[in-house]
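Residues per chain are reported as follows:
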Amino acid sequence: MRSYLTEPRQLKHVLSQAQEVRGGVLERARRLADINRALREWCDEPWVRQVRLANLRGDTVVLYSASASALVPLRHRSRSLLAWLNTRYHLTCTRIDAKVRPPVAVAFGGV
């Protein structure tokens, strides 16, 4: 029995599959970017500018913060953020996974 990886396929079939994958990735990236732009509508406090939504993984919202100090108010407002995200973006998230991830320029001394 031949593997699907070794069987010849028509080029148009391969290209259409690649386009579907790219389209899904682009749509996901656009959605994450839209949510990040809208975060200030949820809360316009200065610490929110330190936080960015990195991923939506199942029932978990993955957030990265440029500093640990921004995670303290986030922890206190996490239920509010989840409710806002679920309502506005029709999500079903129940958890927040927040991590400190400084921007690359800061982490490597501007290199």
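Residues numbered from 1 in each chain as written. Predicted model: local features only at pLDDT ≥ 70, side-chain atom pairs only at ≥ 80, totals over all residues. Heavy atoms only, no water.

S.K.: Got a sec to walk through the packing of aromatic side chains? Specific residues and values, please.
M.R.: Applying the stated rule across the entire model yields 2 aromatic pairs. Relative to Trp-47, the ring of Trp-42 has its centre 6.0 Å away and its plane inclined at 85°; by these criteria the two rings are edge-to-face. For the residue pair Trp-42 and Trp-47, the accessibility class agrees, reading buried in each case. Ring geometry for Trp-84 versus Tyr-89: centroids 5.9 Å apart, planes at 80°, classification edge-to-face. Residue classification places Trp-84 among the buried residues on the basis of a relative accessible area of 17%. Above the plane of the ring of Tyr-64 lies Arg-101, whose end atom (NZ or CZ) is 4.8 Å from the centre. (Phe/Tyr/Trp six-rings, centres within 6.5 Å; stacked < 30°, edge-to-face > 60°. Buried < 20%, exposed > 50% of the residue type's maximum accessible area, 1.4 Å probe, protein only. Lys NZ or Arg CZ within 6 Å of the ring centre and 35° of its normal.)

S.K.: Run through the side chain of Thr-60, naming residues and quoting values.
M.R.: One can find Thr-60 in strand β2 (residues 60–65). Note on Thr-60: relative accessible area 4%, which makes it buried. A polar side-chain atom of Thr-60 sits 3.2 Å from a polar atom in the side chain of Asp-59. (Helix = DSSP H or I, 4+ residues; strand = E, 2+ residues; numbered from the N terminus. Polar contact = N/O pair within 3.5 Å; in protein donor to acceptor, adjacent residues only side chain to side chain.)

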